[in-house]
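Structural characterization, general
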Amino acid sequence: MRDFGNPGEVRSLAPGLPGRLAAASLRVAVIGDVILDGWWYGVTERFCREAPAPVVDVQQKNYVPGGAGNTAMNLHALGARVRLGGLTGSDDAGDRLRFLLAGAGVDLRGLVQHPHAQTATKDRILAGEQVLFRLDDGGRFPAEAEELLAASVPALLEDADALVVCDYGTGLLHGAVRDALVALRGGRLTVVDAHDAAAWADLAPDLVTPNAAEAALLLGGPKALGPDRAAGVRAAAPDLLAGAGAAAAAVTLDRDGAAVISAGGGFHRTWARPAAEKQASGAGDTFVACLTLARAAGLPLSTAADLAQNAADIVVQRPGTSVCSTADLEKHLDSFADAALSRADLLARTAVERAAGHRIVLTNGCFDVLHRGHTRYLNQAKQLGDILVVALNSDASARRLKGPGRPINPVHDRAGIIAALSCVDYVTVFDTDTAIPLIRELRPDIYAKGGDYSAQMLAETPVVEECGGRVLILDYVSDHSTTALVSRIRSGGTGNGSGETGGNPAVKGGSEAIADDAGNSPGDPP
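Just so you know, these numbers come straight off a predicted model, no measurement behind them.

Their axes nearest at 8 Å, the elements helix α2 (residues 17–24) and helix α13 (residues 326–334) cross at an angle of 155 degrees. The angle between α2 and α13 places the two elements in the roughly antiparallel class. Residues P18, G19 and A22 of α2 touch α13, and the partners they reach there are T326, L329, E330 and L333. Here the contact of α2 with α13 is composed, by residue class, of 4 nonpolar, 2 polar and 1 charged.

Here is the structure:
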């Protein structure tokens, strides 16, 4: 792992994290199906005479790299040094695509141009904010073009910290190119983003990133995940990983975020923030790019997934095929700095949520130096209901509980980092020694607590039950302690409180099991 400073900060979504990732200047190789995305904007006021079809008067044409090109553009925008391998024709679309990629700073030494290939294009026709239809063309290539691309693989992978395979099913990567990648497997993080991940099992990827439909394909049918797709991913995790030959998978669920699984039973959820999505495209490429960069830098899989979800949330708010830059991501994370709601605002917002039939989950704690036990705990709490409210001890309250020198981070910073987690809906601050006054006002459906407790041990339990709610105790794992982590930081130790030793996970041989992202220690509330 590159030296990002404070181990606790590395594992939190602090605004400075994207800058640290960019400063690492990691080299990432991307190979796959490159596409020229066209967005044609116009107006329609009449139907044509020949058929009941709208006539669109096109007023503007925008072109951007799509497919593997979009993944490369996002990686570059996040600070990676990117080499791109793929195929274009010697046609206008290919020239335009190469011009756009080179202009952004992407290294095109692996982007083969063949006179008998036809560049893949996807042109969307829009009237107002509505996509009326999409025209797909190209993507055809002669056999010798595939051989030329395969021959470029060694140079593409030289000194790469990570490899991303973007396979959209054209067949370009399924013969000599795949053989070349398998022959050079190892020594770098390997991520496969493919319509059919099973076709890449021989590559033994560290991570695959199918969407829900592609994950269902791995399991044998479109309904394999069931109505609750995240639960379906979790239940089918061994079969999904075996089918893809992968150590871990991040299954993207569009509006429902992502479900992340790993060997040994690790599971993590992210939650997407609402977006209209009328014009947005390519958010999955952004997710893959950010996830890859974060993992290549050595961040835990759960932290990397939450960061990638934030990046995807940014681009779905924008029209067309878009990218998320380091500055975009830092600004987005910084926007959570003032996220703590007053008591009145919190009660007003949760009243609206209740009126919509949503169940309210409340948890509370100091959440001082955020560690993986915290993130797993909050992830579990979110899954108990619909809306997760996190109440933070004020600085004075934390000091009374923890003693002099605590908290390490002031409540303003703690609130911003907690609010940036995709599983958290609302953050508030309380100044009392217990959350009982807040519970009386909020009346949560579920009060969640983590640690070595039972419901009977908690002073809050009678109040929760009086208000019609339930107390639920979440997982406790003894080796994740904020107190122990703070002691190591202050003593200058290199440990991070999670049992990790650092280093590039790909070099060590794969993803760490996110089953370890858990727990609080006795007497050490979160």
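A word on the nonpolar core. Among soluble globular proteins, nonpolar side chains are generally buried collectively. V30, L378 and I418 are the most contacted members of the largest nonpolar core, which totals 80 residues. In terms of residues, this core owes the most to one element, helix α12 (residues 301–315), which gives 9 residues. Beyond its immediate chain neighbours, meaning those up to four positions away, I418 contacts F367, L370, L378, V390, L392, V424 and V427. Counting 43 residues, the second-largest nonpolar core is a separate cluster that includes V153, A160, L203 and A246.

Along the chain, D206 falls in the loop between β9 (189–194) and β10 (207–208). Polar side-chain contacts of D206 include one of 2.8 Å to the backbone nitrogen of T190.

As a further point, take the environment of D228. Positionally, D228 belongs in the loop between α8 (212–219) and α9 (229–235). Taking relative accessible area as the criterion, D228 reaches 47% and is therefore assigned partly exposed. For D228 and D256, which are 28 residues apart along the polypeptide, the C-alpha to C-alpha distance reads 9.9 Å.

An ideal rise of 1.5 Å per residue puts 18 Å on 13 residues; helix α4 (residues 92–104) measures up with 19 Å between its terminal C-alpha atoms. Burial in α4 covers these residues: A93, G94, L97 and L101. Each buried residue of α4 lies within a common arc of 95 degrees when the element is viewed along its axis, so the set occupies one face. Projecting away from the buried face of α4 at angles above 90 degrees are the exposed residues D92, F99 and G103. In this structure, the buried residues of α4 make contact with β2 (34–47), β3 (54–67), α3 (68–77), β4 (81–89), β5 (107–114) and β6 (120–127). G105 sits one or two residues past α4 and shows a positive phi near 105 degrees.

Of all 5 residues that make up strand β11 (residues 248–252), 5 are buried, and the element is covered over most of its length. Because side chains alternate across β11, one face comprises the buried residues A248, A250 and T252, and the other comprises A249 and V251, equally buried. Of the pairings in the sheet, the one linking β11 to strand β12 (residues 258–262) comprises 5 bridges and is antiparallel in character. For V251, the partnering residue across the bridge sits in β12 and is A259. Counting the residues in the hairpin turn of β11 and β12 gives 5 residues, including D254, whose phi is positive at 45 degrees.

With that out of the way, let us pick up the environment of F336. Relative to the assigned elements, F336 resides in the loop between α13 and β16 (340–341). Given the relative accessible area of 11%, F336 is considered buried. Separated by 77 residues in the primary sequence, F336 and D413 have C-alpha atoms spaced 9.2 Å apart. Those residues in contact with F336 that sit more than four places away from it in its chain are R273, N310, A415, G416, A419 and A420.

Rules used in this analysis
- Residues numbered from 1 in each chain as written.
- Predicted model: local features only at pLDDT ≥ 70, side-chain atom pairs only at ≥ 80, totals over all residues.
- Heavy atoms only, no water.
- Axes fitted to C-alpha atoms, helices over the stretch in contact; angles between N-to-C directions.
- Helix = DSSP H or I, 4+ residues; strand = E, 2+ residues; numbered from the N terminus.
- Parallel < 35°, antiparallel > 145°, perpendicular 65-115°, else oblique.
- Contact = heavy atoms within 4.5 Å.
- Nonpolar A, V, L, I, M, F, W, Y, C, P; charged D, E, K, R; others polar.
- Core = buried A, V, L, I, M, F, W, Y, C linked by side-chain atoms within 4.5 Å.
- Buried < 20%, exposed > 50% of the residue type's maximum accessible area, 1.4 Å probe, protein only.
- Polar contact = N/O pair within 3.5 Å; in protein donor to acceptor, adjacent residues only side chain to side chain.
- Expected span 1.5 Å × (residues − 1).
- Arc of directions from axis to C-beta.
- Pairing = 2+ DSSP bridges.

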